[in-house]
Amino acid sequence: MSSQLQAHPGATAFAARQHSMLIGGQWVQAAHGKTFETHDPATGEVLAVLPAGDSEDIDRAVKTARAALEHPSWRDMHPAQRGKLIHKLGDLILEHADELATLETLDNGKPFAVARAADIPLAADLFHYMAGWATKLNGGTISLSVPYMPDSKFHAYTLREPIGVVGQIIPWNFPLLMAAWKLGPALTTGCTVVLKPAEQTPLSALRLGELIQEAGFPDGVVNIVTGLGEDAGAPLAAHPDVDKIAFTGSTDVGKLIVHAAADNLKKVSLELGGKSPNLLFDDADMAAAVPGVANAVFFNQGQVCCAGSRLYVQDKVYDEVLQGMSDVAKSVKVGNGLDPETDMGPLTSQEQLDRVTGYLSIGEQEGARTVTGGNRIGSRGYFVEPTILADTDHNMRVVQEEIFGPVISVAPFKDVEDLTRKANDSHYGLAAGVWTKDLSKAHRAAAAIKAGTVWVNCFNVFDAALPFGGFKQSGWGREMGAEVLENYLQVKAVTIQI
Ligand code: NAI
Ligand code: MG
């Protein structure tokens, strides 16, 4: 399948070494000495051995994070200095971009070129953007008129303070970027963190831990505990001394997080699944729209929470669009992400391979028409074909459920009312796409769609300044932009009688 593999030597050496977790500035093994293995998605072979943290490690990390939160070296650090450290971290990510991108390919499977062009610079951007906020987290002054104290005067103001010790649990589809989305705002606001990377892809977070030390953050501000979801993630979500938990992953685990957080009423933000609709009108610029809607689901092997996985095409152009998408799908070169020729890598895990191929069978049983793809590729590694399922019915599971693979369902539409109803008939509400040259149509659709993001004549466009998050069961709160800061701040009102 692959010919010339190009791996950054620093990254392969990093993957092969003995790994530790970062707690209180020390690199340590799990308290019980347990380990777990990760696998190279392109071969299925063992890639790395990591400490399997559990509740004892989480407890140690939380205690350290609590101490760091109260320590003058962080608590009293001037916001401008905090901003400088965060900016430096962004710079260090760019300095090590090739190495970090290779780690993402080794761990996650995605093409190196994609990680190098998207994941890594976006992660750096996030820190650079957040660095600027550190000095702008101002409160306000408020004039009071208290009815039962008519003769009194007050000076009242608000302070915006860090929420405290934060637990952050992240997934494997954009390992470094998800760490950045989470850590950036937590650090900007002066919180301290226990980060639990996904057990499939912990390497780039550990390398980031080293860069965090190099940037000069005080010990204990960021702690990184590797381990399985149930063993390390669950005790973090339930920990009584964690003030806030931020989670990105499956909607099912998101619900578990909410239950686990209930005991001490920790604040919760969630970025969960999606089944994002793409609406393609017959007046769209087809040369852009056809590859646009195809790549909306094929990008990152379809392992994207906001993947445009449900496509609705206006009936007049339905056949033309299917033909064009099929040409795009067939031109996608699937292979080892370290091969520079590769457009699409393997899925990230055996679990994902089983899930996606399972949905391919379900689609077939439900009567969807496979236009192209539909199969696993080979028997080594976790590769599947880019797949287009046409003529799908709204009630099919492949239309309703998140597949998280390079699989798109396509259905024609005639009537715009019916289209909007179908687009919104989902438990999810993360993102949507609209393709048309008619501005009024685009604005009307953008207003009618129940989703946290609407892209018009584009898809998967991200920027650190743009809030991202879900309506309905796609989540609570927003990542990025000014909005994310509210997840990590609490407001104190100070009232002084003068
Ligand atoms: P997951 O939700 O189980 O894993 C995400 C993170 O949560 C990982 O760090 C994991 O260790 C942790 N976790 C798992 N169980 C936990 C628990 N009980 N308490 C606390 N933390 C826990 O997702 P998984 O199993 O890797 O993938 C299943 C499906 O979830 C995917 O096929 C996809 O549909 C969806 N998903 C959505 C993502 C998104 O970006 N919204 C990302 C990853 C998965
Ligand atoms: Mg899971």
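A brief report on the enclosed structure follows. A quick note: this is a predicted structure, and the numbers were derived from the prediction, not measured. (Residues numbered from 1 in each chain as written. Chains lettered and ligands numbered in written order. Predicted model: local features only at pLDDT ≥ 70, side-chain atom pairs only at ≥ 80, totals over all residues. Heavy atoms only, no water.)

Near ligand 1, the surroundings consist of 29 residues, among which Trp-172, Lys-196, Glu-199, Ser-250 and Glu-402 are the closest. At a separation of 3.3 Å, a nitrogen atom of ligand 1 approaches a polar backbone atom of Gly-249. Contact between ligand 1 and Glu-402: an oxygen atom at 2.7 Å from a side-chain N or O atom of the residue. In the complex, 91% of the free accessible area of ligand 1, which totals 800 Å², lies under the protein chains. (Near = heavy atom within 4 Å. Polar contact = N/O pair within 3.5 Å; in protein donor to acceptor, adjacent residues only side chain to side chain. Areas by Shrake-Rupley, 256 points an atom, 1.4 Å probe, with all protein chains shown as cover.)

At a closest axis distance of 8 Å, the pairing of helix H5 (residues 97–108) and helix H6 (residues 112–133) adopts a crossing angle of 120°. When the axes of H5 and H6 are compared, the crossing they make is right-handed. From H5, Ala-97, Asp-98, Leu-100, Ala-101, Thr-102, Glu-104 and Thr-105 reach across to H6, where they touch Phe-112, Ala-115, Arg-116 and Ile-120. (Axes fitted to C-alpha atoms, helices over the stretch in contact; angles between N-to-C directions. Helix = DSSP H or I, 4+ residues; strand = E, 2+ residues; numbered from the N terminus. Left-handed = near helix turned anticlockwise from the far one by under 90°. Contact = heavy atoms within 4.5 Å.)

Turning to helix H15 (residues 416–424), a few remarks are in order. Where H15 is concerned, the buried positions are Leu-419, Ala-423 and Asn-424. Along the long axis of H15, the arc covered by the buried residues comes to 120°, so they all point the same way. Against the buried residues of H15 lie strand E12 (277–280), strand E13 (310–314), strand E16 (407–413), helix H16 (439–448) and strand E20 (471–472). (Buried < 20%, exposed > 50% of the residue type's maximum accessible area, 1.4 Å probe, protein only. Arc of directions from axis to C-beta.)

Looking now at the packing of helix H7 (residues 175–188) against helix H8 (residues 203–215). Closest axis-to-axis distance for the H7/H8 pair is 9 Å, and the angle between their directions is 50°. By the angle between their axes, H7 is oblique relative to H8. As H7 packs across H8, the resulting crossing turns out to be right-handed. Of H8, the residues touching H7 (which contributes Pro-175, Leu-176, Ala-179 and Leu-183) are Ser-204, Leu-208 and Ile-212. When grouped by side-chain class, the residues that make up the contact of H7 with H8 number 6 nonpolar, 1 polar and no charged. (Parallel < 35°, antiparallel > 145°, perpendicular 65-115°, else oblique. Nonpolar A, V, L, I, M, F, W, Y, C, P; charged D, E, K, R; others polar.)

Attention shifts here to the sheet that holds strand E22 (residues 489–497). Strand order across the open sheet formed by 3 strands is E5-E6-E22, with antiparallel pairing between neighbours. Of all the strands in the sheet, the pair left with one neighbour each is strand E5 (141–142) and E22. (Pairing = 2+ DSSP bridges.)

For the rest of this paragraph, the subject is the pattern of salt bridges. Within the structure shown, the criterion is met by 23 salt bridges. The salt bridge partner of Asp-391 is Arg-369, with a shortest N-O separation of 2.8 Å. On the criterion of sequence distance, the pair formed by Asp-391 in the loop between strand E15 (387–390) and helix H14 (397–400) and Arg-369 in strand E14 (residues 369–372) is long-range, its members being 22 residues apart. Judged by its relative accessible area of 39%, Arg-369 falls in the partly exposed class. For Arg-397, the salt bridge identified is with Glu-401, shortest N-O distance 2.8 Å. With relative accessibility at 38%, the residue Arg-397 sits in the partly exposed group. With a relative accessible area of 25%, Glu-401 lands in the partly exposed category. What you see here is one network of salt bridges that share partners, running through Arg-17, Glu-99, Arg-207 and Glu-210. (Salt bridge = Lys/Arg side-chain N within 4 Å of Asp/Glu carboxyl O.)

This part covers the side chain of Gln-314. Locating Gln-314 in the fold gives a position in strand E13. Since its relative accessible area comes to 11%, Gln-314 is described here as buried. Within the local environment of Gln-314, its side chain forms a polar contact with the backbone nitrogen of Asp-282, the two atoms lying 2.8 Å apart. For Gln-314, the contacting residues outside a window of four places in its chain are Leu-280, Phe-281, Asp-282, Phe-413 and Lys-414.

This part is about the pairing of strand E10 (residues 244–248). Counting buried residues in E10 gives 5 out of 5 residues, a clear majority hidden from the surface. Residues Lys-244, Ala-246 and Thr-248 line one face of E10 and the alternating positions Ile-245 and Phe-247 line the opposite face, and both faces are buried. Relative to E10, strand E7 (residues 165–169) runs parallel, the two sharing 4 bridges. Bridge pairing in E10 links Ile-169 to Phe-247. Bridge count between E10 and strand E11 (residues 267–271): 5 bridges; the pairing is parallel. Each bridged residue has a counterpart across the sheet, and for Ala-246 the counterpart in E11 is Ser-269. Viewed along the sheet, the connection from E10 through helix H10 (residues 251–261) into E11 turns out right-handed. (Right-handed = clockwise from strand over helix to strand, strands pointing away.)

Under the defined criterion, the tally for this structure stands at 9 aromatic pairs. Summarising the aromatic geometry, the rings of Phe-174 and Phe-299 are spaced 6.0 Å apart at their centres and angled 35° between planes, so their arrangement reads as tilted. Of this pair, Phe-174 sits in the loop between E7 and H7 while Phe-299 sits in the loop between helix H11 (286–298) and E13, placing them 125 residues apart in sequence. By relative accessible area, which is 8% here, Phe-174 ends up buried. A relative accessible area of 24% places Phe-299 in the partly exposed class. Summarising the aromatic geometry, the rings of Phe-462 and Phe-468 are spaced 5.3 Å apart at their centres and angled 70° between planes, so their arrangement reads as edge-to-face. On the accessibility criterion, Phe-462 (22% relative accessible area) is partly exposed. An aromatic cluster is built from Trp-181, Trp-455, Phe-459, Phe-462 and Phe-468, whose rings are joined through pairwise contacts. Here the basic side chain of Lys-244 rests over the ring of Tyr-488, its NZ or CZ set 5.2 Å away from the ring centre. (Phe/Tyr/Trp six-rings, centres within 6.5 Å; stacked < 30°, edge-to-face > 60°. Lys NZ or Arg CZ within 6 Å of the ring centre and 35° of its normal.)

Spatial relationships are all this shows, so hold off on functional conclusions.
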